[in-house]
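Descriptive analysis of the structure
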Amino acid sequence: MHQHSNFSSFEIRKTIENKWQEYLSKYGNLFASDSLNGSSPPSVFVGSYGYPKVGIGPMVPPIHGDTTLLDCPERWMGKNLEEIVNFRLNLVRGIQKMSVLDPQGRFIESLQEVAMSSRSIESDLQFQKTTVPITTIDGESAPFGPVGEIKSAKFSNTRSEKLIERVYYDHDLNAQEAVLTLYNKGIEISKIQKCFSVGMFGKKRKIVPTKWSITATDDIISQSLVSQILDFSLIDSCQVFSHDHLGNMFSVILFPHRWVYEMQEAWHDGSKIGFGSDNEDARGIDHPPAIAGAYFAAKLGVAEYLAGKKLQASVLVLREIRPEYAVPVGVWQIREAVRTAMQKNPYIAQSFHDAVSFASKRMSVSKTEWLSRGRLLHMLKQKSISEFF
């Protein structure tokens, strides 16, 4: 969910904050301490507040051993909201203020070692004063527990992922090439995003707030996949893939037409339903998407499927956000839900309209409403696809 679209109204934002406070007081590891010892998953986080001088540092739980699960969204499918929030509340975020333009010095180097480590890292943090619970969540990144300003940080037992290390030392690769090299070699997207955020890629390196690095990574990879898809032949039927989790319902509709992609979101705001949508054709999106990181996360999941099958299609992704999705846990859940949906057997529809009817039947939003809210039909009118309607 996104502040500027789903939570534009003060009331709904307040509900989320209250729910978050409830989770914090019930499950949060809200110890007040001026030091912390534990195994980082490994995890780093870069804030956006105060940009270009931002808070950057590791995230560490007061737990020793293999903590990788606490910061690996690719392994969270099948977990419920409470379990995920619990993972995250264990992570204490240490911060030092740094300029994004100058990723140099021992502290940033040690964070880069953390980001490229292939296993949990022993971490010892000393804080300026006791840690305090966070009270806000941005919706793009997964939430986390208390925050403290770091006086000193020591890390031991790091073991670098060799593929990442190679890209890190290659200053001739631009950031885009670095992301694609690692993705094509099978490095998890969440890992690539972390390395991106602590200024490890590109010719002119800089620190990137975590929520922006998440969107940038999804965007770079999905764009690259779509450029391949444009050369493939069209899918031969209308298909609907679905998956629901964490109070989110997803339907992905593919139909035989050159690449056009639209994502629509509907969310419950008291007795009303709010909407947001964005779209693109083969030239890509020409504006910052209103539904933010969700757009690229879903696009990546679908593009992976089409590229894997060597097929081209037009795509409509429908997402209904139910009231049960009480605490936003980050856009990773959209990417992973769409990936999961695409692994299932699709419903083969008679036509595009049949596909949208089928997708809408299980949601609270009617077919007419979905179609009138988006621009897909308008975009396709200029093109001859009457045979699919």
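Every value quoted in this text rests on a predicted model; they were computed, and no experiment measured them.

Conventions adopted
- Residues numbered from 1 in each chain as written.
- Predicted model: local features only at pLDDT ≥ 70, side-chain atom pairs only at ≥ 80, totals over all residues.
- Heavy atoms only, no water.
- Helix = DSSP H or I, 4+ residues; strand = E, 2+ residues; numbered from the N terminus.
- Buried < 20%, exposed > 50% of the residue type's maximum accessible area, 1.4 Å probe, protein only.
- Salt bridge = Lys/Arg side-chain N within 4 Å of Asp/Glu carboxyl O.
- Core = buried A, V, L, I, M, F, W, Y, C linked by side-chain atoms within 4.5 Å.
- Contact = heavy atoms within 4.5 Å.
- Pairing = 2+ DSSP bridges.
- Axes fitted to C-alpha atoms, helices over the stretch in contact; angles between N-to-C directions.
- pLDDT = per-residue confidence, 0-100.

Thoughts on the environment of Ile 137
Relative to the elements of secondary structure, Ile 137 occurs in the loop between strand 5 (121-127) and strand 6 (147-156). Overall, the relative accessible area of 8% leaves Ile 137 in the buried class.

Remarks on the pattern of salt bridges
Taken as a whole, this structure holds 15 salt bridges when the rule is applied. Arg 88 serves as the salt-bridge partner of Asp 71, at 2.8 Å between the closest nitrogen and oxygen. Residue Asp 71 is located in the loop between strand 3 (53-60) and helix 2 (81-89), and its partner Arg 88 is located in helix 2; the two are separated by 17 residues in the primary sequence. Judged by its relative accessible area of 10%, Asp 71 is buried. Between Arg 319 and Glu 265 there is a salt bridge, and its shortest N-O distance comes to 2.6 Å. With Arg 319 in strand 11 (residues 314-321) and Glu 265 in strand 9 (residues 261-269), the pair connects residues that are 54 residues apart, well separated along the chain. Linked through salt bridges whose partners overlap, the residues forming this network are Asp 218, Glu 304, Arg 335, Glu 336 and Arg 339.

Digging into helix 6 (residues 189-197)
Burial within helix 6 is extensive, with nine of its nine residues counted as buried. Backbone geometry just after helix 6 places Gly 199 at a positive phi near 70°.

Thoughts on the nonpolar core
Grouped together as the largest cluster of nonpolar side chains are 75 residues, with contacts concentrated most on Phe 201 and Leu 254. With sequence-adjacent residues up to four places away left out, Leu 254 is seen in contact with Ile 235, Ser 237, Cys 238, Gln 239, Phe 241, Val 302, Tyr 305, Leu 306, Ala 313, Ser 314, Val 315 and Met 342. Counting residues in hydrophobic clusters, the runner-up holds 23 residues, among them Phe 45, Trp 76, Val 85 and Ile 321.

A word on the sheet that holds strand 7 (residues 238-245)
If you trace the six strands from one edge of the open sheet to the other, you get 10-9-11-8-7-12, paired in mixed fashion. Two strands lie at the open edges of the sheet, namely strand 10 (272-280) and strand 12 (347-349), each paired on one side alone. Adjacent strand axes in the sheet meet at a mean angle of 20° when their direction is disregarded. Note: strand 9 against strand 11, seven bridges, orientation parallel. Residue pairing for strand 11: Ala 266 is matched across the bridge by Glu 320. The sheet strands contacting helix 8 (residues 293-309) are strand 7, strand 8 (248-255), strand 9, strand 10 and strand 11, and the helix crosses strand 9 at an angle near 135°.

Focus: the confidence of the model for the protein
The share of residues in the protein with pLDDT of 70 or more is 90%, and the mean pLDDT across the chain is 90. Confidence drops under a pLDDT of 50 for residues 1-9, and excluding neighbours within four residues, the segment shows 36 contacts in the predicted structure. Segment residues 385-389: pLDDT under 50, and twelve contacts once partners within four positions in sequence are set aside and those in other chains are kept.

Quick look at the environment of Pro 103
When you line up the elements, Pro 103 lands in the loop between strand 4 (92-99) and helix 3 (106-115). In this structure the C-alpha to C-alpha distance between Pro 103 and Met 200, which are 97 residues apart in sequence, comes to 8.8 Å.

Describing helix 3
Judged by how many residues are buried, helix 3 sits mostly within the fold: seven of ten residues are covered. Those residues of helix 3 not exposed but buried are Phe 107, Ile 108, Ser 110, Leu 111, Gln 112, Val 114 and Ala 115.

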